Amino acid sequence: METVKALKKKHKNNSTIKISGAEAIIHCLLEEGVDLIYGYPGGAIMPVYDELYKFQDKLTHILARHEQGATHAAQGYARVSGKVGVAMATSGPGATNLVTGLADAQIDSTPIVCITGQVARHLLGSDAFQETDIVGISTPVTKWNYQITRASEIPKIMAKAFYIAKSGRPGPVLIDITKNAQFDELDFVYEKCTGVRSYKPYPKPDLKSIEAAAKLINDAKKPYIVWGQGIILGEAEAELKKLIEKAGIPAAWTIMGESAIPTDHPLNVGMVGMHGNYGPNVLTNECDVLVAIGMRFDDRVTGSLDTYAKQAKVVHFEIDPAEINKNVKAHVAVLGNAKQTLNLLLPMIKENDHATWKAEFDKKYQIEYDTVIKNDITPSKEGLTMGEVIEQINIASENKAVIVTDVGQHQMVACRYAKFKQSKSNITSGGLGTMGFALPAAIGAKMGAMDREVVAIIGDGGYQMTIQELGVIFQHNVPVKIVVLNNDHLGMVRQWQELFFESRYASTVMVNPDFVKIAEGYHIKSNRVSERAALKDAVEEMIASKDPYFLEVKVEKEDNVFPMIPSGASVSDIRLK
Amino acid sequence: MEKQWYTISVYSENNVGLLNRISGIFLKRHINIEGLNVSKSEIEGVSKFTIVVFTTEEWTRKIVGQIEKQVEVIKAYYHIDDETIYQESALFKIKSDLLFDERQIQNIIKESNSQIVTVARDFFVISKTGRRNEIDEMHDALEPYGIMQFVRSGRIAVSKAEMPITNLLQEFQNQ
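Residues numbered from 1 in each chain as written. Chains lettered and ligands numbered in written order. Predicted model: local features only at pLDDT ≥ 70, side-chain atom pairs only at ≥ 80, totals over all residues. Heavy atoms only, no water.

Looking at an unreviewed UniProt entry, chain B carries the name Acetolactate synthase small subunit, with the source organism given as Flagellimonas maritima. Regarding chain B, the UniProt comment filed under Subunit (unreviewed entry) reads as follows: "Dimer of large and small chains." We quote the UniProt Sequence similarities (unreviewed entry) comment for chain B here in full: "Belongs to the acetolactate synthase small subunit family." (UniProt positions renumbered as here; feature names shortened; annotations may be inferred.)

Chain A goes by Acetolactate synthase in an unreviewed UniProt entry, where it is assigned to Flagellimonas maritima. For chain A, the Sequence similarities (unreviewed entry) comment in UniProt is given as "Belongs to the TPP enzyme family." We quote the UniProt Catalytic activity (unreviewed entry) comment for chain A here in full: "2 pyruvate + H(+) = (2S)-2-acetolactate + CO2".

Shown next, in the form of structure tokens:
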């Protein structure tokens, strides 16, 4: 097996070589530093898979059990490693099965490149076997997509795909490649893409707006920072920490921003949003300057926009111009990459201490602790709570684990109670709320950081949506830890039914299979816990395992997640019970 | 906020599939595209979309933000009608008998500065270029006599203010 570079040396002209489009795809991936891809073969992508067979020592392919699993694995890999995740599928149903992952990656700004096979150029539009217009279908859920119909287009388009996926506000890119383009030959020369005329991924920071932001922050009596994933994507964790410490500003996070700053940092006041912490939500409506950094004022964060932070001057640090004034009007907008803009801001910030204001958060925390947290973490009732399971995982993993969550009650509980020391440790489906995300995303997360403990926390509903990916764990011996918090319900929907639909539990009661037997069927070591006395040892055994491990915890069937901002209500109206 | 007519101008790369991306942005916001024209622009290799919508300024601004976010879009602007010089074209197909039997039709053609494009045995075709309301007025005037077919083009527009778009785009690229 020879690389393109090696082949180039042998080539008489020392410039280009003729290779097939399929081989060119592999070389493009290698040139971009890709060594791991997820996918599922099929007729229209077989030439590329045939080439993969030859390049097995350089490019590992993980056979997902469903294309959706491949995309979520690519997402988990990207989110933990900071690199671009890659997924591949055949045409038609293979391609359409990628759509959920693409949509998830789009709304959560995750850099992935998906490659799909397509019927030959002469068959396009003829309703040929396994033909779908995947470019049309995926347009609303991709940052960019393109159909390659000629082999000669491959190097340039692939380079552009990776550049677009990872630059600026990252996102998913789909490249559809017709079968003839995979078979045809081309002169292969690869140049990495460094710019696209029409695309400016990094807005130039405007010093005047940064000065205006600094003035508002310096003059504020009750400043408050809410940060989002923009901090993690922009690698601005250190700058954010310096800012809050220098100015003494209490700071809260959206679930996508979680773990950017250690949980136990004294100025980290917790989570905003529908099931966020009491203080960070209520005090949003009492601060005088709200500094939003790398977050997009999602409706789950703001509740009713009519009553959101109306008293505050809003300063919005954001890389995407379309997010400015989209939901919340900014008094000062600072465009740019968070690392760059915060570095420009920091010298303008005066040292300060807002101890009295911070004490307001502490008081609210105490109220929340007495009413909610104590009962979640150290319950006196008989049934196991999700909160105490998370707390045991914190203890056993010494707050060092990557926590991957699915969607539902367990997700909110995990985001509330998981503790982190390191950035890029909280992997969840924030924007799309994709049930079925966690199991494949955990596989990807583990492969993106093999030296880290990866614990997937999943509800019984979401687990069954992509349960087939246990096959990947078995086949590749991926040592992820899987915790299913089983309440025999679609818990979050059931909670809403209880609170807002007079407890009419329409189709939310789950009659579940024997999860332990299923895991054992995949030769994964398993355990089940239904009593408090056994929880600690079971979690410790799971964390200590060097192999994949499945733990089912039977938790309270009808527990609710509080605090809660009812849909469309004000952040001030957060309910503690 | 009050709804009014807005003309959105989008300067973009000339790539397949971009129309799908742009129209999808209007679809997501449930805003109807009232007029659409795509042509080459004054800059070589750059296409110009002229899109007409009837909505509020806030929605228009947000839509333009989303359009500008598309990788292949170079720059997008929006203007109200008073800020642009614009034209639309329309064709009216009328039964030939009426041209001779209804003298008023000839007056309508004269007064509206429209042109007869073709006359056949069974029908004749009138072409009218002008502002949207002028075309609407002509349509209203002809309708009682019977219009066999009617079609109106998308809008073409230039801004009243000097808008050295080539320089603006150059500046944008140098940012």
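Novice: Got a sec to walk through the overall build of chain A? Specific residues and values, please.
Specialist: A count of helices and strands for chain A gives 24 helices and 20 strands. In terms of overall dimensions, chain A has C-alpha extents of about 75 × 60 × 40 Å along its principal axes. For chain A, with 577 residues in total, the buried portion stands at 63%. Put simply, of all contacts in chain A between residues at least 6 apart along the chain, 77% involve residues at least 24 apart. Between the averaged position of the 63 positive side-chain charges in chain A and that of its 68 negative side-chain charges there is a distance of 6 Å. (Helix = DSSP H or I, 4+ residues; strand = E, 2+ residues; numbered from the N terminus. Buried < 20%, exposed > 50% of the residue type's maximum accessible area, 1.4 Å probe, protein only. Contact = heavy atoms within 4.5 Å. Lys, Arg positive; Asp, Glu negative; His and termini not counted. Charge placed at Lys NZ, Arg CZ, Asp CG, Glu CD.)

Novice: Tell me about the sheet that holds strand β4 (residues 73–80) of chain B, and name the residues and values.
Specialist: Residues and elements named next belong to chain B. On the basis of which strands lie adjacent, the open sheet formed by four strands has the order β2-β3-β1-β4 and antiparallel pairing. Bordering the open sheet on either side are β2 (35–40) and β4, each of which pairs with just one other strand. Going from strand to strand, the sheet's axes swing by 15° on average, the running direction of each strand aside. By the bridge criterion, seven bridges tie strand β1 (residues 4–13) to β4 in an arrangement that is antiparallel. The residue bridging Thr-7 from the neighbouring strand is His-79, located in β4. Across the sheet, helix α1 (residues 18–28) touches β1, β2, β3 (46–55) and β4, and the angle it forms with β3 is around 15°. (Pairing = 2+ DSSP bridges. Axes fitted to C-alpha atoms, helices over the stretch in contact; angles between N-to-C directions.)

Novice: Residue-level account of the domain arrangement of chain B, with values.
Specialist: When its domains are assigned, chain B resolves into domain 1 (4–84) and domain 2 (86–152). Computed over C-alpha atoms, the centres of domain 1 of chain B and domain 2 of chain B are 30 Å apart. (Domains from an automatic or database assignment.)

Novice: Now, about the pairing of strand β4 (residues 85–89) of chain A: what can you tell me, with residues and values included?
Specialist: Residue and element names in this part refer to chain A. Burial of β4 is extensive: five of the five residues sit out of reach of the surface. The two faces of β4 match: Gly-85, Ala-87 and Ala-89 on one face and Val-86 and Met-88 on the other face are all buried. By the bridge criterion, two bridges tie strand β2 (residues 36–39) to β4 in an arrangement that is parallel. Its bridge partner being in β4, Gly-39 is matched across the sheet by Met-88. Here β4 pairs with strand β5 (residues 112–118) via five bridges, running parallel. Residue pairing across strands places Gly-85 opposite Ile-112, the latter belonging to β5.

Novice: Break down the interface of chain B and chain A for me, citing the residues and quoting the values.
Specialist: Quoted interface sizes are often the accessible area lost when the parts come together. At the junction of the two partners, chain B supplies 18 residues and chain A supplies 20 residues. Overall, the association of chain B and chain A removes approximately 1700 Å² of surface from exposure, summing both partners, and the carbon and sulfur fraction of that is 48%. One can count two salt bridges joining chain B with chain A. At the surface where chain B touches chain A, the tally comes to eight residue pairs in polar contact (both at pLDDT 80 or more). Elements that contribute at least two residues to the side of chain B that touches chain A include exactly α1, α2 (57–69), β4 and α6 (165–174) of chain B. By residue number, the principal contributor to the side of chain B that touches chain A is α2(B), which donates five residues. Here the residues of the side of chain B that touches chain A are counted per class, giving five nonpolar, six polar and seven charged. (Buried area = accessible area lost by both parts, 1.4 Å probe. Salt bridge = Lys/Arg side-chain N within 4 Å of Asp/Glu carboxyl O. Polar contact = N/O pair within 3.5 Å; in protein donor to acceptor, adjacent residues only side chain to side chain. Nonpolar A, V, L, I, M, F, W, Y, C, P; charged D, E, K, R; others polar.)

Novice: So what about the UniProt feature "domain: ACT" (unreviewed entry) in chain B? Which residues, and what values?
Specialist: Per the UniProt record, the feature "domain: ACT" (unreviewed entry) sits at residues 7–87 of chain B. Its end C-alpha atoms 12 Å apart, residues 7–87 of chain B is made of 30% helix and 43% strand.

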